[in-house]
Amino acid sequence: DAGVIQSPRHEVTEMGQEVTLRCKPISGHDYLFWYRQTMMRGLELLIYFNNNVPIDDSGMPEDRFSAKMPNASFSTLKIQPSEPRDSAVYFCASSWTGVSYNEQFFGPGTRLTVL
Amino acid sequence: KNQVEQSPQSLIILEGKNCTLQCNYTVSPFSNLRWYKQDTGRGPVSLTIMTFSENTKSNGRYTATLDADTKQSSLHITASQLSDSASYICVVSANPNYGGSQGNLIFGKGTKLSVKP
């Protein structure tokens, strides 16, 4: 398996623009997680899905952020409008209920820079 | 409040030397503790996962210990190599059967390890 795939790997945009980050989880995994990582705050959970259904979005910073999972093999995280403080590395991770301790497998991340 | 504190923030050692990274947590109800290695520009990769009943677990030159009574864990790296240069993140999971959830992982801010030749 190729692991969790994220695109793009790097994104530079201007304040006010819409940004869409994409994730393809590992085939067969039933959980998908979106994280944000900054130097100041470390890794923070934004939202997670189980069987394509959002379970907990309490980590989503504000209404500018939205996430969807239209099917088991694809998810998006959208920021509209983007702001400089959204600059961070965004990780997608997936796991499977059948794996011991529900171990999460992380993608390579998308480095977002908002100018 | 559920928290995970790691020390030191950063560490520089010479190749071949051993080192120990610390993790203290206040997470309840506790389910398991994980150590992740994160190379620069990559996503975290799991090194070890330990439950309440496990005191130690090894993965090659990495050995993690857990003291559930004092809520402390350590990651010991033996005979360090240049490829060990990375951030090491301690993550504690709250028990999903007792008020936690699958997403309830509490992350430490990591220890940045640099191994010099």
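This one's a predicted model, so the numbers in the text were calculated from it and none came from an experiment. (Residues numbered from 1 in each chain as written. Chains lettered and ligands numbered in written order. Predicted model: local features only at pLDDT ≥ 70, side-chain atom pairs only at ≥ 80, totals over all residues. Heavy atoms only, no water.)

### Focus: the pairing of strand β9 (residues 88–95) of chain A
Residues and elements named next belong to chain A. The buried count for β9 comes to eight of eight residues, which makes it a mostly enclosed element. Pairing of strand β4 (residues 31–38) with β9 involves seven bridges; the strand directions are antiparallel. The residue of β9 that forms the bridge with R36 is Y90. Sheet topology places β9 next to strand β11 (residues 110–114); three bridges connect them, and they run antiparallel. Directly across from V89, in β11, lies its bridge partner R111. Of the strand pairs in this sheet, β9 and strand β10 (residues 105–106) are connected by two bridges, and their pairing is antiparallel. (Buried < 20%, exposed > 50% of the residue type's maximum accessible area, 1.4 Å probe, protein only. Helix = DSSP H or I, 4+ residues; strand = E, 2+ residues; numbered from the N terminus. Pairing = 2+ DSSP bridges.)

### Some details on the sheet that holds strand β1 (residues 3–7) of chain B
All names here are of chain B. The five strands lie next to each other as β1-β3-β8-β7-β6, forming an open sheet whose pairing is antiparallel. The open sheet has two edge strands, β1 and β6 (56–59), and neither has a second partner. Between one strand axis and the next, the sheet turns by 15° as a mean value, whatever way the strands run. As judged from the six bridges shared by strand β3 (residues 19–26) and strand β8 (residues 72–77), these two strands associate in the antiparallel manner. Following the sheet pairing, T20 is matched in β8 by H76. (Axes fitted to C-alpha atoms, helices over the stretch in contact; angles between N-to-C directions.)

### Considerations on the interface of chain B and chain A
Contact residues are listed per partner, giving 19 residues for chain B and 18 residues for chain A. Around 1,600 Å² of area is buried between chain B and chain A when both sides are counted, 56% of it from carbon and sulfur atoms. Our enumeration of links across chain B and chain A arrives at zero salt bridges. Counting across the interface, chain B meets chain A through three residue pairs in polar contact (both at pLDDT 80 or more). The leading source of residues in the side of chain B that touches chain A is strand β4 (residues 30–38) of chain B, at four residues. By residue class, the composition of the side of chain B that touches chain A is six nonpolar, nine polar and four charged. (Contact = heavy atoms within 4.5 Å. Buried area = accessible area lost by both parts, 1.4 Å probe. Salt bridge = Lys/Arg side-chain N within 4 Å of Asp/Glu carboxyl O. Polar contact = N/O pair within 3.5 Å; in protein donor to acceptor, adjacent residues only side chain to side chain. Nonpolar A, V, L, I, M, F, W, Y, C, P; charged D, E, K, R; others polar.)

### Some remarks on the environment of A:V19
Residues and elements named next belong to chain A. Tracing the sequence through the fold places V19 in strand β3 (residues 19–24). A relative accessible area of 1% places V19 in the buried class. For the pair formed by V19 and S73, sequence separation is 54 residues and the distance between their alpha carbons is 20 Å. The residues touching V19, leaving out its near neighbours within four places in the chain, are E11, T13, L77, K78, I79, S82 and L112.

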